[in-house]
Amino acid sequence: MKVLLIGSGGREHAIALKIKESPLCDELVCAPGNPGMAMLGKCFGVDVSSPKEIAELAKKENADFTIIGPEIPLVAGVADEFKKQGLQIFGPTKAAAMLEGSKAFSKEFMKKHNIPTAAYETFTDLQKAKDYLKEHPAPIVVKASGLAAGKGAVVCMSNEEAQSAVEEMLGEKAVFGESGKTVVIEEFMEGEEASIFAVCDGKDYIFLAPAQDHKRVFDDDKGPNTGGMGAYAPAPLVNDEMLKRIKKEIVDPTLKGIEYTGILFIGIMATKSGPKVVEYNCRLGDPETQAILGVYSGDLLELFYKAAQGKIKEIPETKPQGYAAVVVMASEGYPGKYKSAVPITGIEEAEKKGATILHAGTRDNPLQTAGGRVLCVVGKGKTLKAALDIAYSGVKEIKFEGAHWRKDIGKKGLNASQSIQKT
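Notes on the structure in this doc start here. (Residues numbered from 1 in each chain as written. Predicted model: local features only at pLDDT ≥ 70, side-chain atom pairs only at ≥ 80, totals over all residues. Heavy atoms only, no water.)

1. Some points on the sheet that holds strand β7 (residues 140-144)
And then number 1: Sheet architecture is open: 4 strands sit in the order β6-β9-β7-β8, paired in antiparallel fashion. Of all the strands in the sheet, the pair left with one neighbour each is β6 (120-123) and β8 (153-156). Within this sheet the neighbouring strands show an average axis-to-axis angle of 20°, counted without direction.
And then number 2: Running at roughly 10° to β7, helix α8 (residues 159-170) makes contact with β6, β7, β8 and β9 (183-187) of the sheet. (Pairing = 2+ DSSP bridges. Helix = DSSP H or I, 4+ residues; strand = E, 2+ residues; numbered from the N terminus. Axes fitted to C-alpha atoms, helices over the stretch in contact; angles between N-to-C directions. Contact = heavy atoms within 4.5 Å.)

Here it is in structure tokens:
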């Protein structure tokens, strides 16, 4: 079949590589794509926020099946548009994608269906939000309700930080624009985070490997939140017992409460009282995808296609093969202001070390930076340490001015693995 893949980041480059492995894939086309994806199939310009434009491209290219990578087109209703035009697509409807598109909606949804999450309140008025914070001191979490590229959640460890966060979202600055005009303030949950991915067909689902992301920009989880500075899979934190609880207490009631076809990505916090939902997302994570697909041994295209047809039970569940880790190389200044058009060298040398290089924010002729998160360097191995060693050996070979990356990706996973081995 001819497959159209929508997106342009490291996540989509990872999906493209996996799709090309499938015997079902006769041809892959990407939109808008990136220099790495251009080596796997033709790339076309498209406005990812326009469902009609994406549908027109699918028809023009005679695509048999379309896979959506980022959240923006899903929240905009691309799946609804495709169904209206009789086109095959993998992704949730606009109504289902609201689980990510509005944190206010998702919190109300969890409350209604008794799904464990942090206690919260929702605000559109700045003064009321400030008054609430006076009665609920830090630590506390302030979130923009709408889409904010993974940067809309502010973990406030002081009262001053909390007041500043609501001021920036609801005040004159409006740093997140429309996305921040509604703010969710929720209790601070203690524990470790993990990312859970269920491929859903409207009735049934299959889990992909659990992963652990690293959101803060600096080592030891310091600095502002980013779109993600690295990840690894599978995450030792999510053992069989925890996964059973996540299935029973979170995934099953979620899918009973909403009709859902596509990727259901649930960020969970492993608290002392059990797993709780941090947030929902309506697509694969970035950079978790780059690690998850590194350990997935099945046919990804077949999995997505069968899910879109409501036939996921025809796909056998597979266990993760080994471990994969991804280290994100970012531009100097990210997640704030950063320079673009900085030359990049060393990719071939990194690949000789065994690393897989996925493009996240690059442009070609010559290869140079074009985003905050520039490259994802992936290592695979029989152990997490082996995977991390390969990833970091690749990072050492790649050069661009101002490049920075976290040096502690996978540290929690290594500690957890050592604890499991001791017991």
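Next comes the rest of the write-up.
2. Notes on the packing of aromatic side chains
And then number 1: Under the definition given, this model contains 7 aromatic pairs.
And then number 2: Consider the rings of Phe 90 and Phe 304, whose centres lie 4.4 Å apart with planes at 15°: the pair is stacked. One end of the pair, Phe 90, is in strand β5 (residues 89-90); the other, Phe 304, is in helix α11 (residues 300-308), with 214 residues separating them in the sequence.
And then number 3: Classification of Phe 90 as buried rests on a relative accessible area of 3%.
And then number 4: Ring plane angle 55° and centroid distance 5.1 Å describe the contact between Phe 123 and Tyr 132, whose orientation is recorded as tilted. Taken as a pair, Phe 123 and Tyr 132 share a single burial class, namely buried.
And then number 5: One aromatic cluster in this structure is built from Phe 105, Phe 109 and Tyr 280. (Phe/Tyr/Trp six-rings, centres within 6.5 Å; stacked < 30°, edge-to-face > 60°. Buried < 20%, exposed > 50% of the residue type's maximum accessible area, 1.4 Å probe, protein only.)

These figures capture arrangement, not role.
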